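Residues per chain, in single letters:
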Amino acid sequence: MAKKTVKKAKQTLVIVESPAKAKTIEHYLGAGYVVKASMGHLIDLPKSRLAIDVENDFQPEYITVRGRAKLLKELQKDAKNSNLVLLASDPDREGEAIAWHLNHALKDKTDAEIRRIEFTEITPKVIKEAVNNPREINESMVNAQKARRVLDRLVGYNLSPLLWKKVKNGLSAGRVQSVALRLICEREKEVEDFIPEEYWSLDADFSKGKTKFTAQLVQYKDSKPELKNEKQVNEIISEIQSADCIVTDIKESEKTVRPKPPFTTSKLQQASANRLGYTSRKTMQIAQQLYEGIQIGSTRVGLITYMRTDSTRISQTAIDDVRSWIGENFPDDLPAEKIEYAVGKSAQDAHEAIRPTYVKYTPDSVKEYLTRDQLRLYSIIWERFVSSQMNNAKSKTTSLDITAGDALFRVSASKLSYKGFYNVIKTLSSKEDVSGNLPSLKIGEKLESGKFYPEQHFTQGPARYTDASMVKTLEEKGIGRPSTYSPIISVLLDRYYVTRSNKQLVPTMLGKIICKILVESFPQVINVEFTSQVENDLDKVEQNSLVWNNMIGDFFGPFKTRVDEVMESQESLKGTLDEPTNEICEKCGKPMVKKLGRFGYFLACSGFPECHNTKSVPLAKCPREGCNGQIVARKTKGRGKEFYGCTNYPECNFISHFKPIDVYCPKCNWFLVEKYDKKNGSYKSCINPDCDYLHSPDEAIEAEAAGAFAKANETDKQNKTVES
């Protein structure tokens, strides 16, 4: 009897973007499904040329991304062996474009039906619902992505050659990043121009029996005190120190504290930066891991919903889940009705807010399965979501006024009278819980006065941008979208147009030069209003109310004309950025030149190309006794983190993690460094661990002047020595 041939059953191929996501989804779908990863874009514009046909309605020329041809062929083979292909790239414009390209690359290689599915959380229920409800590819979303990609390519491929010709080879400029750079440079100018002004505050101790507390001077002779120097403060102290101290007013008030809405991408990046110290890039990398799936025991779980969103909207299923959990664990803090939060006017509202997929996975219950970074980020996401559906908290504040002669002192103490949503927030600070403890007093009661505490302050200038404040500004000004906030900052850092100093974003000299040229030459493009309008136009393309290539055509003609004009008229800065120095090349004896490179200033031999010697720019003399070395910037081998060490290493192992400035301590003659903290802002401090010298702003100015004078004298001596 002939053996019967059994036809192999067809499979369903699901294509996602990342291997981690593929692993989680394949676990949920089981037999009959093959889940593969495209690793992001397989088809895109080539990097080496413009690839935009400006004479043919700006049609892009797409190619297979270099190094991805083998993967594409594997997917085509998998599609050929399938009866259904489900394109499950991310639920945003980029994801829709990836699906569109995959559809075109696969449709001629298979007889299978090709459909699009999307989901914003990776759970068995949601994945199976998505598989059972496929749709067609959204051409309008694809066109919006295409418009952005083409516009950015046209801007970048026209501005970058301009910078190569006028400034330095290898530079690049982007449409959105250049506007962010402009914001950072303008803030830096405000920081540099700010002149701090001295002012003083005055606190005093008061007591009743054994209870002592400190109050602050808030009024003197019926007006707000303006204490500009120590003399004014001492005059007030001498006038009131023997006066009777009487309680003249007691006020009690109760304040309702509302929970915050669940996280959007912007708010998550801000909270992560402020509370955890994470960069925007790190936050999004960790969130991606939590979204794509974590192995929890024998089950792989996508712990959070999609992390790129501008909406605070929550699904009814999630509302039911969290209200059930609150009812079981904190029944007294469960509101009668669900709490709804308004969605911002500019929000696309395409996806839910960022939230845990299952509230039952509390941070404590999953901590053994998460890395420290994953747990910290997951905790704030979980706490923020659960607390958003709980009762308001209430705080009780007592304010006490004490009159001493013509002076009025005030002290306030607050305490949570009802914790409400704070019950699930483990990071509740003592300031939020209780601040101060006042004795029971009555109006007219006399108090004993104690020690006075005059304190010198200096007005704080505008703060440099941090990751958190930059993301907040980008969102408020309509620059970029949730998916681009982190890349905008990363690109500026990667190009060395901006550096991080004490978590602040500081423009480099290279960044300042590029910003100046672009803003002066293209004020209509490198500005907030234009960039925000582009985002609005892209939304219109997605809504099918604006034709994408018409949008590009309106922009490109005037822009290209201006590029050509600047290319002819802009004076070249090449060569003008180099500075002669007194350093001599130890290899050939020729003088060294200070040059501006890709990663900042460096010293290069003037005998190039015959001599290729380069080295770091000295920042300060080594403070070690008997060492004649200089302090230069170095990087660690592993993570490339910058530190500062002596040129005589390994004989001298002096290092500093703070950047030296060419100013020296008047107490010990070690060099000073710039430090930063929230209380004092930026300030200059001695690097000597045995020296307590801390610069106030006016002392810093004096020291800088003295340092400059000393440096000028030293240079003059050297010149005279050379002449003789």
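I will try to describe carefully the structure that is included in this document. Everything numeric in this text was worked out from a predicted model, so none of it was measured. (Residues numbered from 1 in each chain as written. Predicted model: local features only at pLDDT ≥ 70, side-chain atom pairs only at ≥ 80, totals over all residues. Heavy atoms only, no water.)

Within the chain, the secondary structure is distributed over 19 helices and 30 strands. The principal-axis extent of the C-alpha atoms belonging to the chain is close to 115 × 85 × 55 Å. The buried share of the chain, taken over its 724 residues, is 47%. Considering only contacts within the chain whose residues lie at least 6 apart along the sequence, 65% involve residues at least 24 apart. A distance of 6 Å separates the average location of the 107 positive side-chain charges in the chain from that of its 97 negative side-chain charges. (Helix = DSSP H or I, 4+ residues; strand = E, 2+ residues; numbered from the N terminus. Buried < 20%, exposed > 50% of the residue type's maximum accessible area, 1.4 Å probe, protein only. Contact = heavy atoms within 4.5 Å. Lys, Arg positive; Asp, Glu negative; His and termini not counted. Charge placed at Lys NZ, Arg CZ, Asp CG, Glu CD.)

To continue, consider the packing of helix H10 (residues 316-329) against helix H12 (residues 372-387). In the contact formed by H10 and H12, the axes pass within 10 Å of each other and the chain directions differ by 90°. Classified by the angle their axes make, H10 and H12 are roughly perpendicular. Where H10 abuts H12, its residues Ala318, Val322, Trp325 and Ile326 lie against Trp382, Phe385 and Val386. (Axes fitted to C-alpha atoms, helices over the stretch in contact; angles between N-to-C directions. Parallel < 35°, antiparallel > 145°, perpendicular 65-115°, else oblique.)

Moving on: the packing of helix H6 (residues 175-193) against helix H16 (residues 509-521). One can describe the packing of H6 onto H16 by two numbers: an axis separation of 10 Å at closest approach and a directional angle of 110°. Comparing the axis directions of H6 and H16 gives the class roughly perpendicular. Crossing hand, H6 versus H16: left-handed. Taking contact as the criterion, the partners of Ser178, Leu181, Arg182, Cys185, Glu188 and Glu192 in H6 are, on H16, Gly511, Lys512, Ile514, Cys515, Leu518 and Val519. When grouped by side-chain class, the residues that make up the contact of H6 with H16 number six nonpolar, two polar and four charged. (Left-handed = near helix turned anticlockwise from the far one by under 90°. Nonpolar A, V, L, I, M, F, W, Y, C, P; charged D, E, K, R; others polar.)

This paragraph deals with unusual backbone geometry. Here Phe608 and Pro609 are connected by a cis peptide whose omega angle stands at 10°. The backbone phi angle of Asn544 is positive, close to 65°, even though this residue is not glycine. Tracing the backbone through its elements, the reader meets Asn544 in the loop between helix H17 (528-542) and helix H18 (548-569). Relative accessible area serves as the criterion here: at 62%, Asn544 is assigned to the exposed category.

Sheet faces and side chains relate simply in a regular strand, where the side chains alternate between the two faces. Relative to strand E7 (residues 82-87), strand E1 (residues 11-16) is paired through five bridges, and the arrangement is parallel. Paired with Leu13 across the strands is Val85, a residue of E7. Pairing geometry for E7 and strand E8 (residues 113-116), over four bridges, is parallel. Bridge pairing in E8 links Leu87 to Arg116. Assessed by its sense of winding, the connection that carries the chain from E7 through helix H3 (residues 93-106) to E8 is right-handed. (Pairing = 2+ DSSP bridges. Right-handed = clockwise from strand over helix to strand, strands pointing away.)

Before going further, it helps to examine the sheet that holds E1. The four strands are arranged E2-E1-E7-E8 in an open sheet whose pairing can be described as parallel. In this open sheet, the two edge strands, each paired with only one partner strand, are strand E2 (33-37) and E8. Within this sheet the neighbouring strands show an average axis-to-axis angle of 20°, counted without direction. Where helix H1 (residues 19-29) meets the sheet, its contacts fall on E1 and E2, and the angle it forms with E2 comes to roughly 170°.

The next point concerns the packing of aromatic side chains. Applying the stated criterion across every chain, the model contains 14 aromatic pairs. Between Phe654 and Trp670, the ring centres sit 6.0 Å apart and the planes meet at 75°, which makes this aromatic pair edge-to-face. Taken as a pair, Phe654 in the loop between strand E26 (642-646) and strand E27 (655-656) and Trp670 in the loop between strand E28 (660-664) and strand E29 (671-677) lie far apart in primary sequence, 16 residues in all. For Phe654, a relative accessible area of 6% puts it in the buried group. Relative accessible area serves as the criterion here: at 18%, Trp670 is assigned to the buried category. By the ring-pair criterion, three or more aromatic residues cluster together here, those being Phe522, Phe530, Phe555 and Phe559. The ring centre of Tyr465 lies 4.3 Å from the NZ or CZ of Arg187, which sits over that ring. Its end group placed over the ring of Tyr664, Lys621 keeps NZ or CZ at 5.1 Å from the ring centre. (Phe/Tyr/Trp six-rings, centres within 6.5 Å; stacked < 30°, edge-to-face > 60°. Lys NZ or Arg CZ within 6 Å of the ring centre and 35° of its normal.)

By the secondary structure assignment, Pro225 is in the loop between strand E10 (211-220) and helix H7 (230-240). Considered as a pair, Pro225 and Lys212 are 13 residues apart in the sequence and their alpha carbons are 24 Å apart. Non-local contacts of Pro225, meaning those with residues more than four positions away in its chain, are made with Leu217, Val218, Gln219 and Tyr220.

What follows covers the side chain of Glu535. Relative to the elements of secondary structure, Glu535 occurs in helix H17. Excluding residues that lie within four positions of it along the chain, Glu535 makes contacts with Arg175, Gly478, Gly480 and Arg481.

It is worth spelling out the pattern of salt bridges at this point. Within this structure, the stated rule accounts for 39 salt bridges. Among the salt bridges present, the one from Glu118 reaches Arg135, with a minimum N-O distance of 2.6 Å. In this pair, Glu118 is assigned in the loop between E8 and helix H4 (124-132) and Arg135 in the loop between H4 and helix H5 (139-166), connecting sequence segments 17 residues apart. Look at Glu118 and you get partly exposed, because its relative accessible area is 34%. When its relative accessible area of 23% is taken as the criterion, Arg135 is described as partly exposed. Between Lys267 and Glu475 there is a salt bridge, with the nearest N and O atoms lying 3.2 Å from each other. With Lys267 in helix H8 (residues 265-276) and Glu475 in helix H14 (residues 467-476), this residue pair connects regions lying 208 residues apart in the sequence. Residue classification places Lys267 among the partly exposed residues on the basis of a relative accessible area of 35%. (Salt bridge = Lys/Arg side-chain N within 4 Å of Asp/Glu carboxyl O.)

With that settled, the discussion passes to the side chain of Arg300. Relative to the elements of secondary structure, Arg300 occurs in strand E13 (residues 299-301). For the buried Arg300, no salt bridge exists, and the shortest N-O distance to an oppositely charged side chain is 6.7 Å, to Glu292. Among the polar contacts listed, one links the side chain of Arg300 to the side chain of Thr24, at a separation of 2.7 Å. Filtering out sequence-adjacent residues up to four positions away, Arg300 remains in contact with Ala20, Lys23, Thr24, His27, Tyr28, Gly293, Ile294 and Gln295. (Polar contact = N/O pair within 3.5 Å; in protein donor to acceptor, adjacent residues only side chain to side chain.)

This part takes up the sheet that holds strand E25 (residues 630-635). Taken together, four strands build an open sheet; the order of strands is E24-E25-E26-E27 and the sheet is antiparallel. Among the strands making up the open sheet, the edge pair consists of strand E24 (620-621) and E27. Relative to E26, E25 is paired through five bridges, and the arrangement is antiparallel. Opposite Lys635, over in E26, you have Glu642 as the bridge partner.

A contiguous patch of negative charge, built from Asp222, Glu235, Glu239 and Asp406, is present on the exposed surface. Among the secondary structure elements, Glu239 is positioned in helix H7. The exposure class assigned to Glu239 is partly exposed, which follows from its relative accessible area of 46%. (Patch = residues over 30% accessible without salt bridge, like charges linked within 9 Å, V, L, I, M, F, W, Y side chains within 5 Å. Areas by Shrake-Rupley, 256 points an atom, 1.4 Å probe, with all protein chains shown as cover.)

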